[in-house]
Amino acid sequence: MTRKELFKNTLRKSVHAWKLINELPLSDDESLMLRHFMDQPGFLDLHWRMFVPAIKGQGTEEQKQKWLPLANKMQIIGCYAQTELGHGSNVQGLETTATFDPQTDQFILHSPTQTSSKWWPGGLGKVSTHAVIYARLITDGKDHGVHGFIVQLRNMDDHSPLPGITIGDIGVKFGNGAYNSMDNGFLMFDKFCIPRDQMLMRLSKVTREGKYVPSDVPRQLMYGTMVSVRQTIVSNASIAMARAVCIATRYSAVRRQFGSQNGGIETQVIDYKTQQNRLFPLLASAYAFRFVGEWLKWLYTDVTQRLEASDFATLPEAHACTAGLKSMTTSATSDGIEECRKLCGGHGYLWCSGLPELFAVYVPACTYEGDNVVLQLQVARFLMKTVSQLGSGKAPAGTTAYMGRAKHLLQCRSSIRKAEDWLNPAMVLETFEARALRMAVSCANNLSKFENQEQGFSELLADLVEAAIAHCQLIVVSKFIVKLEGEIKGKGVKNQLKNLCYIYALHLIHKHLGDFLSTNSITSEQASLANHQLRSLYTQVRPNAVALVDAFDYTDHYLGSVLGRYDGNVYPKLFEEALKDPLNDTVVPDGYHEYIRPLIKQHLRSARL
Ligand SMILES: CCCCCCCC/C=C\CCCCCCC/C=C/C(=O)SCCNC(=O)CCNC(=O)[C@H](O)C(C)(C)COP(=O)(O)OP(=O)(O)OC[C@H]1O[C@@H](n2cnc3c(N)ncnc32)[C@H](O)[C@@H]1OP(=O)(O)O
Ligand SMILES: Cc1cc2nc3c(=O)[nH]c(=O)nc-3n(C[C@H](O)[C@H](O)[C@H](O)COP(=O)(O)OP(=O)(O)OC[C@H]3O[C@@H](n4cnc5c(N)ncnc54)[C@H](O)[C@@H]3O)c2cc1C
């Protein structure tokens, strides 16, 4: 499809999905499932995941009563317009202004520079009638920082931009189809006026007289919509990873190379230990991210209930967990999808493998909802704060509770003696805790050598990110272990999950061996034992690998991959796909008479053939 066709077709699908949701009708969970199977980024994502939650989280009761019924019936379509051409990560650096005019009781929205143009918001370019706009609030010449506003963008009769608004699509993005189904947009305001009651005023207010009244709740609640989306992105990482792994695992069982004896069949590539060493940790990650995603959903629900009761105590942890896990799982999944492409050899590079499209549509997850490095730095700040409070009498809680055992974890030595000891959950957990704590403490010690903490932080950014990742990996490992300790129906299933849990943990040790050795969390002998155990786990997973990906229950239609077909009938179908290519419509290609024939003829003449 051309870009225009792709965009229009996605509009068609989105509107059809909305019709089904209402007609059947579908529950919220079923509607999410429908979105999942619609399988294309589109304006509904931003309307439901960001525009509506932003109003719910930041609007007053009156504002919710006014706007939510319209949004819930999709009589208005909204998006989330925060990022600007010049500023994305640095939200406090946004330039768009919203200046209160007491004479008209209005805010004047203005884009003072080119870099202040809104740039990137999905659904903004061509579809949305409304947006939640983030802009600097100015009253009486004073800048109060960034706040949210509900703004109508387009005329409800003919969809034209309202006077004072310039709006459009930012252009083609990475990949052929992928994210190009979405109208990520730009927007400039030229002194555009909105009524005062369109500032989202749950967190702070501007009175009729133009007085700014900050509320007593933390201003970070303004970032709540991002926290909610980051949480869902973790579960989505599992879905995308599982999809790539399903394709690569099934194909690795079909594909044979070398090893034929006396003219017999060749070896299935899934039997090579190198293939297993690349594939099975990704299979394990798909399960691990699913379980940590379930836990994060619980954490998010819990913090939401606490916030409603004005208990803000767990907000920093919820922010650190959603930011860190969003970052860690999306980075691992993007890398994992690319690894799966390589695991499928040359055929993985074919569009019909399903992997190039999956990669292209997935990889921006490392950037949207917060650049992955910027988000890990938020985790690092949280960790440094926690370390600095050790010994102050305030016991660390939640995911940092292990830091409360700092004295032990800083000096303990791993008691792993034989390979099977690596199947002991307590020993594995302590290894990850020791490594995470020691990396965090080492950063804190290095920071304390700087007179200026912020300067020290800038100097140590790379180490801080590594410490943050170590903490996030510990969370994933520990939630996998907790899952195994809970109710899992079926002993066989539990055994398989145990194998995957240890593959996940031991492979991380192998991959980040430098961290584990340099922090003395394990010795090099213990590292070899971990590798030994890992190989044995691969052997145990091998006979069940295909069943473990079949368990994701993805249809062939959803996978969209010739290589990942359930029936394994890969080669005939590759031919069928190839023959569908427009280049094969004719035997002699268009351009032959124009370019190839004259070239050949010229050579034939000069060679006197
Ligand atoms: C084959 C076909 C397959 C098809 C598959 C389809 C695939 C699609 C799948 C799923 C779709 C998912 C839908 C996703 C849609 C994506 C749309 C994207 C939207 C966006 O990107 S919106 C814009 C997002 N922008 C960002 O994330 C910006 C990142 N920056 C920030 O968040 C912040 O500015 C910051 C965290 C970097 C903070 O910077 P700074 O230090 O300047 O912060 P301050 O504002 O001064 O605050 C510091 C203080 O606050 C704490 N803090 C910060 N953030 C939060 C928070 N969110 N919650 C709570 N607290 C927060 C911070 O820790 C500091 O605290 P202390 O002072 O240290 O105590
Ligand atoms: C597909 C897609 C959809 C999007 N949808 C929306 C949307 O609906 N609404 C919306 O408002 N926005 C949206 N965005 C924008 C997105 O949120 C931002 O792109 C994202 O927050 C990153 O910000 P940036 O582009 O400014 O990156 P930058 O911050 O410019 O990052 C560039 C580089 O600088 C590094 N860097 C930046 N700051 C630091 C630091 N303090 N320390 C160390 N390194 C740093 C980063 O790691 C990165 O390597 C979307 C983006 C994409 C790609």
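Here is what the cut-offs are and how they apply
- Residues numbered from 1 in each chain as written.
- Chains lettered and ligands numbered in written order.
- Predicted model: local features only at pLDDT ≥ 70, side-chain atom pairs only at ≥ 80, totals over all residues.
- Heavy atoms only, no water.
- Salt bridge = Lys/Arg side-chain N within 4 Å of Asp/Glu carboxyl O.
- Helix = DSSP H or I, 4+ residues; strand = E, 2+ residues; numbered from the N terminus.
- Buried < 20%, exposed > 50% of the residue type's maximum accessible area, 1.4 Å probe, protein only.
- UniProt positions renumbered as here; feature names shortened; annotations may be inferred.
- Contact = heavy atoms within 4.5 Å.
- Near = heavy atom within 4 Å.
- Polar contact = N/O pair within 3.5 Å; in protein donor to acceptor, adjacent residues only side chain to side chain.
- Areas by Shrake-Rupley, 256 points an atom, 1.4 Å probe, with all protein chains shown as cover.
- Nonpolar A, V, L, I, M, F, W, Y, C, P; charged D, E, K, R; others polar.
- Phe/Tyr/Trp six-rings, centres within 6.5 Å; stacked < 30°, edge-to-face > 60°.
- Lys NZ or Arg CZ within 6 Å of the ring centre and 35° of its normal.
- Pairing = 2+ DSSP bridges.

## Digging into the pattern of salt bridges
Counting across every chain of the model gives 24 salt bridges. Arg290 is the salt-bridge partner of Glu294, the closest N and O atoms lying 3.9 Å from each other. On the criterion of helical spacing, the pair formed by Glu294 and Arg290 is a turn pair, its members being four residues apart in helix H6 (residues 273-308). A residue is classified by how much of its surface remains accessible, and Glu294, at 38% relative accessible area, is partly exposed. Note that Arg306 and Asp302 form a salt bridge whose closest N and O atoms lie 2.8 Å from each other. You can see Arg306 and its partner Asp302 sitting in helix H6, four residues apart, about one turn around the helix. For Arg306, a relative accessible area of 31% corresponds to the partly exposed category. Connected through salt bridges with shared partners, the residues Asp105, Arg196 and Arg208 form a single ionic network.

## Observations regarding the UniProt feature "binding site: FAD" (unreviewed entry) in the chain
Residues annotated in UniProt with the feature "binding site: FAD" (unreviewed entry) correspond here to Thr83 and Gly122. A maximum C-alpha distance of 10.6 Å among these annotated residues, which run over 40 residues, shows that they cluster at one spot. As for its position among the elements, Thr83 is in the loop between strand S1 (78-81) and strand S2 (97-101). Dropping the residues within four chain positions of it, Thr83 is found in contact with Gly88, Ser117, Lys118, Trp119, Trp120 and Pro121. Structurally, Gly122 is set in the loop between strand S4 (118-119) and strand S5 (130-139). The buried category is assigned to Gly122, whose relative accessible area is 5%. What Gly122 contacts, discounting residues up to four positions off in sequence, is Leu46, Cys79, Met182, Asp183 and Asn184.

## Things to note about the site of ligand 2
Taken together, the neighbourhood of ligand 2 is formed by 20 residues, with Tyr80, Gln82, Thr83, Ser89 and Asp371 sitting nearest. Thr83 places a polar side-chain atom, nitrogen or oxygen, 2.6 Å from a nitrogen atom of ligand 2. Measuring from an oxygen atom of ligand 2, one finds a backbone N or O atom of Gly88 at 3.1 Å. Taking 970 Å² as the accessible area of ligand 2 by itself, protein coverage stands at 65%. In terms of residue class, the shell around ligand 2 is built from 10 nonpolar, eight polar and two charged.

## Quick word on the packing of aromatic side chains
The geometry of an aromatic ring pair is captured by the separation of the ring centres together with the interplanar angle, meaning the angle of the planes. Taken as a whole, this structure holds 17 aromatic pairs when the rule is applied. Relative to Tyr538, the ring of Phe280 lies with its centre 5.9 Å away and its plane at 70°, an arrangement referred to as edge-to-face. Of this pair, Phe280 sits in helix H6 while Tyr538 sits in helix H16 (residues 524-541), and the two are 258 residues apart along the sequence. Overall, Phe280 belongs to the buried group, its relative accessible area being 0%. On the basis of relative accessibility, which here comes to 2%, the residue Tyr538 falls in the buried class. Where Phe432 meets Phe516, the ring centres are 5.3 Å apart and the plane angle is 75°; that geometry is what we call edge-to-face. One end of the pair, Phe432, is in helix H11 (residues 425-448); the other, Phe516, is in helix H15 (residues 513-518), with 84 residues separating them in the sequence. Per residue, the accessibility class of Phe432 equals that of Phe516, and both read buried. Just above the ring of Tyr558 sits the side chain of Arg243; from NZ or CZ to the centre is 4.0 Å. For the cation-ring pair, Arg381 lies above Phe457, with the distance from its terminal atom to the ring centre recorded as 4.1 Å.

## Some thoughts on the sheet that holds strand S8 (residues 185-189)
Pairing within the open sheet is antiparallel, and its three strands lie in the order S4-S8-S7. Whereas interior strands pair on both sides, the edge strands pair on one side only; in this sheet they are S4 and strand S7 (165-169).

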